[in-house]
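# Observations on the model geometry
Here is how the chains run, residue by residue.
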Amino acid sequence: GVAFTYQQAMSVSSVSPARVLAEGGTPVTVYGAGFSSVSESLGYLQCRIGGVARRARWASEGALVCNSTRGAAGEVRVEVSNNGREYTQDAARLELVSVRVVDVQPWVGPQLGATVVSVRGRGGLPGGLRCRFGESPSVQGWSGGAPRLRCATPPSAATGGVGGQRASVHGA
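Residues numbered from 1 in each chain as written. Predicted model: local features only at pLDDT ≥ 70, side-chain atom pairs only at ≥ 80, totals over all residues. Heavy atoms only, no water.

## Some details on the overall build of the protein
Scanning the protein from terminus to terminus reveals 1 helix and 16 strands. Scored against the burial criterion, the 172 residues of the protein give a buried share of 35%. Within the protein, contacts between residues at least 6 apart in sequence are counted, and of these 57% link residues at least 24 apart. Within the structure as shown, the protein displays about 9,900 Å² of accessible surface, and the carbon and sulfur contribution to it stands at 51%. (Helix = DSSP H or I, 4+ residues; strand = E, 2+ residues; numbered from the N terminus. Buried < 20%, exposed > 50% of the residue type's maximum accessible area, 1.4 Å probe, protein only. Contact = heavy atoms within 4.5 Å. Areas by Shrake-Rupley, 256 points an atom, 1.4 Å probe, with all protein chains shown as cover.)

In structure tokens form, the structure reads like this:
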């Protein structure tokens, strides 16, 4: 006895957020119907973002979460599968955006942290961005008006001018 299980047909209606950084790794919630928790427990529940498949986390029959993949800036299709073979054909879209940091003000602050830094970038700044200063854990950013992001610096044991800690912006 080998068993075969029929499941309800899956569909994808939308994704949130609709825009993420092209560097990948941003959690994306996919909304639709027919998502199976059994498929997740067996390792078959997958998202395919821009042609790259990866495992998904089941949230409910109508929602699952997967991390975005690295890709070139532009629009990509998002499809899902309960068996790792057949994918939906609903063509939900996710926009991958590329952001280049062009300025950070101020560029110096105290070791105790809490300096509000304004990061100016080129490209579309999606919501949910985080800042990382050197090796410190990343901190949540907030809108500073397009194309600006604001972040508060964490405390740091390191000091230095040239060659000091680097700042970067990445998805949540």
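Having seen the structure, we can now continue with the description.
## Structural notes on the pattern of salt bridges
For the structure shown, the criterion picks out 3 salt bridges. A salt bridge links Arg19 to Glu95; the nearest nitrogen and oxygen atoms lie 3.5 Å apart. Taken together, the positions of Arg19 in strand E2 (residues 19-21) and Glu95 in strand E9 (residues 92-97) put the pair 76 residues apart, joining distant regions of the chain. By relative accessible area, Glu95 is classed as partly exposed at 33%. Of the charged contacts, one joins Glu75 and Arg93 as a salt bridge, the two residues approaching to 3.9 Å between their closest N and O atoms. (Salt bridge = Lys/Arg side-chain N within 4 Å of Asp/Glu carboxyl O.)

## Points about the pairing of strand E6 (residues 57-60)
Note: E6 against strand E7 (residues 63-67), 3 bridges, orientation antiparallel. Its bridge partner being in E7, Ser60 is matched across the sheet by Ala63. As consecutive antiparallel partners, E6 and E7 are separated by 2 residues. (Pairing = 2+ DSSP bridges.)

## Notes on the state of the cysteines
As used here, a disulfide is simply a covalent bond connecting the sulfur atoms of two cysteines. Counted according to the given criterion, the structure contains 2 disulfides. Between Cys47 and Cys66 runs a disulfide, and the two sulfur atoms are separated by 2.2 Å. What sets the handedness of the Cys47 and Cys66 disulfide is the S-S torsion sign, and at about -90 degrees it is left-handed. With Cys47 in strand E4 (residues 46-49) and Cys66 in strand E7, this residue pair connects regions lying 19 residues apart in the sequence. Relative accessible area serves as the criterion here: at 0%, Cys47 is assigned to the buried category. For Cys66, a relative accessible area of 1% gives the class buried. Put simply, Cys131 and Cys151 are joined by a disulfide, and their sulfur atoms are 2.0 Å apart. Residues Cys131 and Cys151 are joined by a disulfide whose S-S torsion is about 70 degrees; by sign, that bridge is right-handed. Residue Cys131 is found in strand E12 (residues 129-133), and its partner Cys151 is found in strand E15 (residues 148-152); the two are separated by 20 residues along the sequence. Judged by relative accessible area, Cys131 falls into the buried class, the value being 2%. (Disulfide = S-S within 2.5 Å.)

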